[in-house]
Amino acid sequence: MAEAHLDTAPRAIAHGGNLHEAARRYGIAWDAWIDLSTGINPHGYPVPPVPASAWRRLPEDGDGFAARAARYYGAPDAQHVLPVAGSQAAIRALPALLSTLSPKSRVAIAPLTYGEYAPAFAQAGHTVVPFDVACPMLPEDATYAVVVNPNNPTASLIGRETLLRWHAQLAARGGTLIVDEAFADAFADPRTTSLAGATGRAGLVVLRSPGKFFGLAGARCGFALAAPALLAALRERLGAWTVSGPARHAVAHAFEDAAWQRAMRERLAGESARLAALLASHGLAPRATPLFAWVVHPRAAALQDALAARAVWTRRFESPASLRFGLPASEDEWRRFETALAQAMQVLG
């Protein structure tokens, strides 16, 4: 039987948040849309005014930023945390860095997950093979594996024990497990599912992003958590001043505001349940995280089109045919979305 491979041919990678594209395609003004195409918290952290020094001075590693991140995420210490220009920067740099340890290796990645990983590993010379995360064992010949947890877009969540077992399997081969926890912050107790506290172990990388839960995607800030030696090599590849002064100001305040975090997690839990109930009331079968819901539907393309004609933008996936829905930002958006969804489902018949 021919071996299965993920499609890693070079092409533009689709992402949510492409609202200008939708506005052009449907002839609807940009500011008239409800954008549900991302999993970014629509109730973003209220960043306090940025001091003038954050604009005028170069960012300094001695500002305690990594230590704040280590405390918030539960990493062993600041030496196990590297601030990066969004986790995207690490996603692009890590495959080439790992090539220096084990060139042209095999990397296991789920067929439907965040779309940047497979092309990045393929461009670095690795062979990308599909990986069913429901399987208790990794592919026997994989040196690396990538797990997005919870997965984007399917909302599946892998337990810590399973992840640690996979890490042990890879570490025994001299390999590395990369766990992307971009959406983990929104859970009631993120540390119960996170591997951040285990990043003192060789062969484990955890990527975190304040862009989703804190609604600070525009700050382009993320964190790689791993053993210090690997982070030193990654720092060398990425260069200096990867996170701007204003971004450090915003994220540092967000990390310290425990009261806002608690209140927001409760709010998102309620809104996520509301979204799932709304979708289910129209005969859809959502799988949800606190920040988005995913629905498999044979006519996903037609449903996306019908919603877009009513100025509601969603994220569509091809295999399986499915849509991802983010959270509306206000009661007005909720009402408009409910009306648009009812009308779109009538169009589908």
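Predicted model, so just to flag it, every value in this text is computed and none were measured.

Student: Which residues make up the layout of surface pockets, and what values go with them?
Tutor: If you add up the space inside the second largest pocket, you get close to 340 Å³. Considering the residues around the second largest pocket, the lining is formed by 16 residues, among which Ala54, Asp63, Gly245, Arg248 and His249 are closest to the centre. When contributions to the lining of the second largest pocket are tallied by element, the ones reaching two or more residues are helix H2 (52-56), helix H3 (65-73) and helix H8 (245-256).

Student: Can you tell me about a nonpolar patch on the surface, naming the residues and giving the values?
Tutor: Where nonpolar side chains cluster on the molecular surface, the patch consists of Val47, Val50 and Trp55 and spans about 290 Å² of accessible area. Following the sequence through the fold, tryptophan 55 ends up in helix H2. Judged by its relative accessible area of 64%, tryptophan 55 falls in the exposed class.

Student: Please provide a residue-by-residue account of the sheet that holds strand E3 (residues 106-109), values included.
Tutor: Across a sheet, paired strands are connected by hydrogen bonds in the backbone, their directions being either parallel or antiparallel. In spatial order, the strands read E2-E8-E7-E6-E5-E3-E4; together these 7 strands make up an open sheet with mixed pairing. Two strands in the sheet have a free side with no partner beyond their single neighbour: strand E2 (81-84) and strand E4 (127-130). In this sheet, neighbouring strand axes are inclined to one another by 20° on average, regardless of whether the strands run parallel or antiparallel. In terms of strand pairing, strand E5 (residues 144-148) meets strand E6 (residues 176-180) through 5 bridges, oriented parallel. By the bridge assignment for E6, valine 147 is matched with valine 179. In the packing of H3 onto the sheet, contacts are made with E2, strand E7 (204-208) and strand E8 (222-225), and the angle to E2 comes to roughly 115°. Sitting on the sheet, helix H4 (residues 87-99) touches E2, E5, E6, E7 and E8, and the angle it makes with E7 is about 160°.

Student: Residues and numbers for the nonpolar core, please.
Tutor: Core analysis: the biggest nonpolar cluster contains 72 residues, and Phe214, Phe223, Leu279, Leu307, Phe325 and Phe337 have the highest contact counts within it. The residues touching phenylalanine 325, leaving out its near neighbours within four places in the chain, are Leu36, Leu275, Leu279, Leu291, Phe292, Ala293, Val295, Leu307, Thr314 and Phe337. Membership of the second largest hydrophobic core comes to 26 residues, among which are Leu97, Ile178, Val205 and Leu207.

Student: Outline the pattern of salt bridges, listing residues and values.
Tutor: What the rule picks out here adds up to 15 salt bridges. Two residues, aspartate 63 and arginine 248, come together in a salt bridge whose shortest N-O distance is 2.8 Å. Taken as a pair, aspartate 63 in the loop between H2 and H3 and arginine 248 in helix H8 lie far apart in primary sequence, 185 residues in all. Taking the shortest distance from any N to any O, the salt bridge between glutamate 271 and arginine 267 comes out at 3.1 Å. Here arginine 267 and glutamate 271 lie together in helix H9 (residues 258-281), a separation of 4 residues that amounts to about one turn. For glutamate 271, a relative accessible area of 12% corresponds to the buried category. Each of Arg68, Arg71 and Glu256 takes part in salt bridges that share partners, so that together they form one network.

Definitions and limits used
Residues numbered from 1 in each chain as written. Predicted model: local features only at pLDDT ≥ 70, side-chain atom pairs only at ≥ 80, totals over all residues. Heavy atoms only, no water. 1 Å grid on protein atoms, 1.4 Å probe; cavity = no way out; pocket = protein on both sides within 12 Å on 5 of 7 lines; lining within 4 Å. Points joined across faces, edges and corners; volume = space filled by probe spheres on them. Helix = DSSP H or I, 4+ residues; strand = E, 2+ residues; numbered from the N terminus. Patch = residues over 30% accessible without salt bridge, like charges linked within 9 Å, V, L, I, M, F, W, Y side chains within 5 Å. Areas by Shrake-Rupley, 256 points an atom, 1.4 Å probe, with all protein chains shown as cover. Salt bridge = Lys/Arg side-chain N within 4 Å of Asp/Glu carboxyl O. Buried < 20%, exposed > 50% of the residue type's maximum accessible area, 1.4 Å probe, protein only. Pairing = 2+ DSSP bridges. Axes fitted to C-alpha atoms, helices over the stretch in contact; angles between N-to-C directions. Contact = heavy atoms within 4.5 Å. Core = buried A, V, L, I, M, F, W, Y, C linked by side-chain atoms within 4.5 Å.

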